[in-house]
Amino acid sequence: MILASKSPRRKEILNQLGFQLEIKVKDVEEVSSKVGLIDKIKDISYKKVIEVAKENRTSFVVGADTLVEINGEVLGKPNNENEAREMLKKLSGKEHRVITAYTLINLEKNINISEAVESKVFFKIISSDEIDWYIESKEPMDKAGAYGIQGLGAIFVDRIEGDFFSIMGFPINHFVKTLKKLGINIKDIQKI
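Thresholds applied
Residues numbered from 1 in each chain as written. Predicted model: local features only at pLDDT ≥ 70, side-chain atom pairs only at ≥ 80, totals over all residues. Heavy atoms only, no water. Helix = DSSP H or I, 4+ residues; strand = E, 2+ residues; numbered from the N terminus. Rg over C-alpha atoms; globule rule 2.2 N^0.38 Å. Buried < 20%, exposed > 50% of the residue type's maximum accessible area, 1.4 Å probe, protein only. Contact = heavy atoms within 4.5 Å. Core = buried A, V, L, I, M, F, W, Y, C linked by side-chain atoms within 4.5 Å. Salt bridge = Lys/Arg side-chain N within 4 Å of Asp/Glu carboxyl O. Arc of directions from axis to C-beta. Polar contact = N/O pair within 3.5 Å; in protein donor to acceptor, adjacent residues only side chain to side chain.

Asks: For this particular structure, what's the right way to read the overall build of the protein chain?
Replies: Tallying secondary structure elements over the protein chain gives 6 helices and 7 strands in all. If you list the helices and strands of the protein chain from N to C, you get β-α-β-α-β-β-α-β-β-α-β-α-α. What you see for the protein chain is a C-alpha radius of gyration of 17 Å, in line with the 16 Å of a compact globule of 192 residues. A burial count over the protein chain gives 48% of its 192 residues as buried. Looking at the protein chain alone, contacts between residues at least 24 apart form 67% of all its contacts between residues at least 6 apart.

And the structure:
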């Protein structure tokens, strides 16, 4: 299986289940003309995967994209520490949505699936000192919404409703269900 993503979190999640991954990534502009948030993120996920799949027609290629949304505003990856600080202030004491879309393509087998999983995350109130400490760790700089639930950012999370792994970056449970629908069982994972 080819992972069309540089994300160490996605690689870790898939490796834990036994997937033997080859990483191949194409530079894709992460924009979409689709209307709704779910359709936009599925479209971006698809664009990342199809470019790799075109050069690897016989392989299963998987990729994903994650976004954080609060009060209608999408929070991507911060460009600098000030943006990270502002994002964390917006999330402080509030509920937000995390949507992860994944795409699985095998052009030879005519498989082209894009799905999205939505979860809710509830943050505690974060003090300025906690935000400064977290930004100094550099952890928020490559993550949508400027935090990682699986790392130091976990201390900000009061509770979640939904799929932890989707919030982390890849909804593995949902993905395995998709594979089962294709006739690929858990014991066959290392073969794809």
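Back to the text.
Asks: I'm lost on the nonpolar core in this one. Help?
Replies: Generally speaking, a soluble globular protein has its nonpolar side chains buried in company with each other. Residues Phe19, Tyr147 and Phe175 are the most contacted members of the largest nonpolar core, which totals 43 residues. At the level of elements, α1 (8–16), β3 (61–70), α3 (81–91), β5 (95–106), β6 (111–123), α4 (128–136), α5 (164–168) and α6 (172–181) are the ones that each hand at least two residues to this core. Apart from residues lying up to four places away in sequence, Tyr147 is in contact with Leu88, Leu91, His96, Val98, Val121, Phe123, Tyr134, Pro140 and Ile167. Judged by nonpolar contacts, the second largest core, of 8 residues, contains Ile2, Ala4, Ile50 and Ala53.

Asks: Would you mind going over the pattern of salt bridges with me for this structure?
Replies: Opposite charge on two side chains allows them to pair when their charged atoms are near. Following the criterion strictly, the structure yields 17 salt bridges and no others. For Glu55, the salt bridge is made with Lys26, and the minimal N-O distance between the two is 2.8 Å. Taken together, the residues span a long stretch of sequence, with Glu55 in the loop between α2 (37–54) and β3 and Lys26 in the loop between β2 (22–23) and α2 at a distance of 29 residues. Arg85 is the salt-bridge partner of Asp132, the closest N and O atoms lying 3.0 Å from each other. Remark: Arg85 occurs in helix α3 and Asp132 occurs in helix α4; sequence separation between them is 47 residues. Of the residues examined, Asp132 reaches a relative accessible area of 30% and is grouped as partly exposed. What emerges from the salt-bridge pattern is a single network uniting Arg9, Asp142 and Lys143.

Asks: Looking at this structure, I do not really get the environment of Gly72. What am I missing?
Replies: Checked against the element boundaries, Gly72 lands in the loop between β3 and β4 (73–75). Under the relative-accessibility criterion, Gly72 is labelled exposed at 63%. The spacing of Gly72 and Asn110 is 38 residues in sequence and 36 Å in space, taken between C-alpha atoms.

Asks: Explain unusual backbone geometry here, please?
Replies: Look at Asn71: it is not a glycine, yet its phi comes out positive at around 50°. Residue placement: Asn71 occurs in the loop between β3 and β4. According to the relative accessible area criterion, Asn71 is exposed, its value standing at 71%. In this structure, Ala146 is a non-glycine residue whose phi angle is positive, near 65°. Checked against the element boundaries, Ala146 lands in the loop between α4 and β7 (157–161). Ala146 gets classed as buried once you look at its relative accessible area, which sits at 0%.

Asks: Is there a simple way to think about α3 in this case?
Replies: Side chains of residues three or four places apart in an α-helix project in the same direction, reflecting 3.6 residues per turn. Of the positions making up α3, those classed as buried are Ala84, Met87, Leu88 and Leu91. Down the axis of α3, the smallest arc covering the buried residues is 95°, so these residues share one side. Turning to α3, the residues buried within the fold contact β3, β4, β5, β6 and α4. For α3, the capping residue at the N-terminal end is Asn80, with a side-chain oxygen 3.1 Å from the backbone nitrogen of Asn82. Following α3 by one or two positions, Gly93 has its phi on the positive side, about 75°.

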